[in-house]
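The residues making up each chain are set out below.
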Amino acid sequence: MGLLDAKVVVVTGAGRGIGRGEALECAAQGAAVVVAEFDPEAGEAVAKEIEAAGGRAVAVSGDVADAAVADSLVRAAVDEFGGLDAVVNNAGILRDKTVAKMSDDDWDAVVRVHLRGHFLPTRAAVQYWRENKRGGHLVHTASTSGLLGNFGQGNYGAAKAGIAAFSTIVAQEGARAGITSNAIAPTALTRMTLDLMPQEFRDQRDEALARGEFDFFAPENIAPLVAFLCSDASNHISGKVFGVQGDSVEIFQPFTSVAEIKNDGKRWDPEDLPGRIDELFTGTGVQAGAENMMARMRYQILDI
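Every value quoted in this text rests on a predicted model; they were computed, and no experiment measured them.

Engineer: Go over the overall build of the protein, please, and point to the residues and values.
Structural biologist: Looking only at helices and strands, the protein features nine helices and eight strands. Expected size for 304 residues packed as a compact globule is a radius of gyration near 19 Å; at 21 Å, the protein falls within 12% of this value. Along the longest, intermediate and shortest principal axes, the C-alpha atoms of the protein span 70 × 50 × 40 Å. With 304 residues in all, the protein has 45% of them scored as buried. Counting only carbon and sulfur atoms, one obtains 52% of the accessible surface of the protein, whose full area is about 15800 Å². The distance from the centre of the 28 positive side-chain charges to the centre of the 42 negative ones in the protein is 5 Å.

Rendered as structure tokens:
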């Protein structure tokens, strides 16, 4: 018996990395899986891997930021397996550059794949669930680059921050209908990120794996939490953002006001603010200048 017995799950970007791990885990937990992947060969390979292990899967290729493709994922779930219970939005790309060097295409491509590529499958699923008067589960892929910010990732971080906000709003809109919506901010080494690591780091990691050590940043480590969030065991959880890596699951607290200054019921004069604004920073731990918020993360890839 698995957490997802008799369930049907769509996973986007499921051909490699984190998405592949999520698709395999959902199948191992008993779900029939729609493997959505831009690269048809990669998608078919994962579907066949699931079937070879005794599971049920169908591959659907195409760009999930295209409405027709997104809608086809729901149709495939219904036509092949009789329904839809969960959608895992995972598809993404990187085009890292500083803002000064970023082209229009760099910005548009990343925002399109991540943000529109989350919106369209979500809309298709929510419409199906509402029309059929049934609940469902949504898991979206945000990132610490969006929650905390990361140098050289203005496009990616903006899209990922938007995904976290989008997930929270969908949770509010779907609550009465029994639709849950949560986001994860995973940390893992994937095809997109491993090539960015120094060769020395990659060599050290290979040596650790050869010794049989736990691969803390393996993409497969993300999948168990995702499978849980796709299951009815998570019905009471919605609108949350979880950090997940290795053997660790964290929860992020949304933007919260931590300090306030007031002007005795009068409109502020701009000339008064220089003498008062620093009160907001005193004792709050908030720095006035730019800072590397990623340095505050509990787990960082280059620390291992």
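Engineer: So what about the side chain of His 118? Which residues, and what values?
Structural biologist: Residue placement: His 118 occurs in helix α4 (residues 104–131). The residues contacting His 118, other than those within four sequence positions of it, are Asn 89, Asn 90, Ala 91, Val 113, His 140, Thr 141, Ile 163 and Phe 166.

Engineer: I'd like a description of the packing of α4 against helix α6 (residues 154–174), backed by residues and values.
Structural biologist: As a packed pair, α4 and α6 sit with axes 8 Å apart at the nearest point and diverge in direction by 15 degrees. Compared by their axis directions, α4 and α6 come out roughly parallel. With respect to the hand of their crossing, α4 and α6 are arranged in right-handed fashion. Contact with α4, carried on its side by Asp 106, Trp 107, Val 110, Val 111, His 114, Leu 115, His 118, Phe 119, Thr 122 and Arg 130, involves Gly 154, Asn 155, Tyr 156, Ala 158, Ala 159, Lys 160, Gly 162, Ile 163, Phe 166, Val 170, Glu 173 and Gly 174 of α6 and no other residues of that element. Taken together, the residues that form the contact of α4 with α6 break down as eleven nonpolar, seven polar and four charged.

Engineer: Would you mind going over the pairing of strand β3 (residues 57–61) in detail, with residue names and values included?
Structural biologist: Two elements, strand β2 (residues 32–37) and β3, share five bridges in a ladder whose sense is parallel. Opposite Ala 36, over in β3, you have Val 60 as the bridge partner. As for the winding sense of the linkage, the β-α-β connection from β2 through helix α2 (residues 40–52) to β3 is right-handed.

Engineer: Run through the nonpolar core, naming residues and quoting values.
Structural biologist: By size, the foremost hydrophobic cluster in this structure holds 29 residues, and its most contacted members are Val 9, Val 33, Val 35, Ile 50, Ile 184 and Cys 230. Elements with a contribution of two residues or more to this core: β1 (8–12), α1 (17–28), β2, α2, β4 (86–89), α9 (223–229) and β7 (241–245). Among residues more than four places away in sequence, those in contact with Ile 184 are Glu 22, Val 139, His 140, Thr 141, Ala 142, Ser 143, Ile 222, Leu 225, Val 226, Leu 229, Phe 242 and Val 244. Counting 24 residues, the second largest nonpolar core, distinct from the first, contains Val 8, Ala 36, Ala 77 and Ala 125.

Engineer: Describe the packing of α1 against α2, with residues and values.
Structural biologist: Running from amino to carboxyl end, α1 crosses α2 at an angle of 25 degrees, the nearest separation of the two axes being 10 Å. Considering their axes alone, α1 and α2 lie roughly parallel with respect to each other. Here α1 and α2 pass one another in a crossing that is right-handed. Packed against α1, whose contacting residues are Arg 20, Ala 23, Leu 24 and Ala 27, the element α2 presents Val 46, Glu 49 and Ile 50 at the interface.

Basis of the calculations
Residues numbered from 1 in each chain as written. Predicted model: local features only at pLDDT ≥ 70, side-chain atom pairs only at ≥ 80, totals over all residues. Heavy atoms only, no water. Helix = DSSP H or I, 4+ residues; strand = E, 2+ residues; numbered from the N terminus. Rg over C-alpha atoms; globule rule 2.2 N^0.38 Å. Buried < 20%, exposed > 50% of the residue type's maximum accessible area, 1.4 Å probe, protein only. Areas by Shrake-Rupley, 256 points an atom, 1.4 Å probe, with all protein chains shown as cover. Lys, Arg positive; Asp, Glu negative; His and termini not counted. Charge placed at Lys NZ, Arg CZ, Asp CG, Glu CD. Contact = heavy atoms within 4.5 Å. Axes fitted to C-alpha atoms, helices over the stretch in contact; angles between N-to-C directions. Parallel < 35°, antiparallel > 145°, perpendicular 65-115°, else oblique. Left-handed = near helix turned anticlockwise from the far one by under 90°. Nonpolar A, V, L, I, M, F, W, Y, C, P; charged D, E, K, R; others polar. Pairing = 2+ DSSP bridges. Right-handed = clockwise from strand over helix to strand, strands pointing away. Core = buried A, V, L, I, M, F, W, Y, C linked by side-chain atoms within 4.5 Å.

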